[in-house]
Amino acid sequence: GHTLVIDGNVYKLHLLPSGIVRKGKLSVIGNGVVIDPWALMKEIDTLRGQGVEISPDSLMLAENANLILPVHQALDQALEAARGKGQIGTTGRGIGPAYEDKVSRRGIRVCDLDDKDLLREKLENLMLHHNALLKGLDADEIDPTEVYQKLLDVAPKILKFASPVWKVLDEANKAGKRILFEGAQGFLLDIDHGTYPFVTSSNTV
């Protein structure tokens, strides 16, 4: 994430783009990011507490972005512990396992929060896979019903920011507007071009 200091005010950002602290600017979280919905809402609440106005007019979240769930964090930590001396230095926040689900086509996306039946079905299939892994790692299994309820609780807060951001960005580009791209990882953390396997789980370049 990034720490911004503006006129003596300190803002600590992890998921939110730095433009969120500038009035009149639209901030967009793109589909390449994996989103922890609870972490995102906590960050929004923290910034609001610092006087930053955040609404669907100032923040858009790609509706096809994949979600980080509690099971991803549990797996991240259990797998890293199992590596012993061969640990790769993961943050334990579930980022790697969430990207694995994305490319394995079993991930849960922001738009899935809008369909309760589909969400339950996808979640049960997801947990069938991951609980088997957790069991094999001697870690506690996770109840899909509990995660489902947590997602239903956070869904209304997240969905109001969800948009087809590809279209918004395309229209802004065609209108000649300036678009600032922001990333949190350097070249050597790119999964293809970095110091593999000590890299992040996406193409940062």
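Sequence positions are assigned chain by chain, starting from 1 and proceeding in written order. Reporting of local features is limited, given that this is a predicted model, to residues whose pLDDT is at least 70; pairs of side-chain atoms are given and counted only at 80 or more, and all residues count toward the totals for whole chains, interfaces and linings. Heavy atoms from the whole structure form the basis of all side-chain values; hydrogens and water molecules are not counted.

1. Quick word on helix H5 (residues 144–159)
Helical segments are the DSSP runs of H or I of at least four residues, strand segments are the runs of E of at least two, and each set is numbered from the N terminus. Each helix should span, by expectation, one fewer than its residue count multiplied by 1.5 Å. Between the first and last C-alpha of H5 there are 21 Å, a value that for 16 residues agrees with the 22 Å anticipated at 1.5 Å per step. Using a 1.4 Å probe on the protein chains alone, a residue whose accessible area is under 20% of its type maximum counts as buried, one over 50% counts as exposed, and one in between counts as partly exposed. Taken as a whole, H5 has its buried residues at Val147, Tyr148, Leu151, Val154, Ala155 and Ile158. Lining the buried residues of H5 we find helix H1 (37–49), strand E4 (59–62), helix H2 (70–82), helix H4 (116–136) and strand E5 (162–163). N-cap assignment for H5: the residue whose side-chain oxygen lies 3.0 Å from the backbone N of Thr145 is Asp143. We call two residues contacting when some pair of their heavy atoms lies within 4.5 Å. Here a polar contact is taken to be a pair of N or O atoms separated by no more than 3.5 Å, where protein atoms must pair a possible hydrogen donor with a possible acceptor and residues adjacent in sequence count only if both atoms sit in side chains.

2. Examining the nonpolar core
Think of a nonpolar core as a cluster: buried Ala, Val, Leu, Ile, Met, Phe, Trp, Tyr and Cys residues, connected wherever their side-chain atoms sit within 4.5 Å. By size, the foremost hydrophobic cluster in this structure holds 42 residues, and its most contacted members are Leu16, Leu40, Ile54, Leu123 and Leu151. Secondary structure elements with two or more residues in this core: strand E1 (2–6), strand E2 (9–13), H1, E4, H2, H4 and H5. If we ignore the near neighbours within four places in the chain, the residues touching Leu16 are Ile29, Leu40, Glu43, Ile44, Leu47, Ile54 and Leu59.

3. Let's talk about the layout of surface pockets
Within this scheme a cavity is a closed region of a 1 Å grid, computed over the protein atoms alone, that accommodates a 1.4 Å probe without allowing it to escape, whereas a pocket is open but has protein on both sides within 12 Å along at least five of seven lines; lining residues each have an atom within 4 Å of a point. Grid points are joined across faces, edges and corners, and a volume is the space filled by probe spheres set on the points. Quantified by volume, the second largest pocket comes out at close to 220 Å³. Ile20, Arg22, Lys23, Val52 and Glu53 are the residues nearest the centre of the second largest pocket, which is lined by 14 residues in total. Residue polarity follows a fixed list, in which Ala, Val, Leu, Ile, Met, Phe, Trp, Tyr, Cys and Pro are nonpolar, Asp, Glu, Lys and Arg are charged, and the others, Gly among them, are polar. Looking at the lining of the second largest pocket residue by residue, the classes come out as four nonpolar, five polar and five charged.

4. Thoughts on the sheet that holds E4
Pairing within the open sheet is parallel, and its three strands lie in the order E3-E4-E5. One side of each edge strand has no neighbouring strand; the edge strands of this open sheet are strand E3 (27–29) and E5. Both E3 and E4 contribute to a ladder of three bridges, which runs parallel. Considered in E4, the bridge of Ile29 is made with Leu61. Packed on one face of the sheet, helix H6 (residues 165–174) meets E3, E4 and E5 and runs near 120° to E4. If DSSP finds at least two bridges between two strands, the strands pair. Lines fitted to the C-alpha atoms define the axes, with helices restricted to the stretch that makes contact. Angles between their N-to-C directions range from 0 to 180 degrees.

5. Concerning the packing of H2 against helix H3 (residues 95–103)
How two helices sit against one another is set out by the angle between their axes and by the gap between those axes. Viewed as axis vectors pointing N to C, H2 and H3 meet at an angle of 115°, and their least axial separation amounts to 7 Å. Like other packed secondary-structure pairs, H2 and H3 cross with a definite hand, here right-handed. Seen from H2, the contacting residues are His72, Leu75 and Asp76; seen from H3, they are Ile95, Pro97, Ala98 and Asp101. In terms of residue class, the contact of H2 with H3 is built from four nonpolar, one polar and two charged. Helix crossings get a hand from a simple test, with the near helix turned counterclockwise from the far one by less than a right angle marking a left-handed crossing and a clockwise turn marking a right-handed one.

6. Things to note about the pairing of E4
Strand residues, when the strand is regular, have side chains that alternate between the two faces of the sheet. Of the two faces of E4, both are covered, the one formed by Leu59 and Leu61 as well as the one formed by Met60 and Ala62. Consider the strands pointing away from the viewer: the crossover is right-handed when the path from the first strand over the helix to the second runs clockwise. A crossover connection joins E3 to the parallel E4 through H1; in handedness this β-α-β unit is right-handed. Sheet topology places E4 next to E5; two bridges connect them, and they run parallel. The residue bridging Ala62 from the neighbouring strand is Ser163, located in E5.

7. Structural notes on the side chain of Asp36
Among the structural elements, Asp36 can be located in the loop between E3 and H1. One buried charged residue, Asp36, forms no salt bridge at all, with the nearest opposite charge on Arg93 at 7.8 Å. Among the polar contacts made by the side chain of Asp36, one reaches the main-chain amide nitrogen of Trp38 at a distance of 3.0 Å. What Asp36 contacts, discounting residues up to four positions off in sequence, is Leu15, Ile68 and Gln73. For the charge count, each Lys or Arg is scored as positive and each Asp or Glu as negative, with His and the chain ends excluded. By definition here, a salt bridge exists when the distance from a side-chain nitrogen of Lys or Arg to a carboxyl oxygen of Asp or Glu is within 4 Å.

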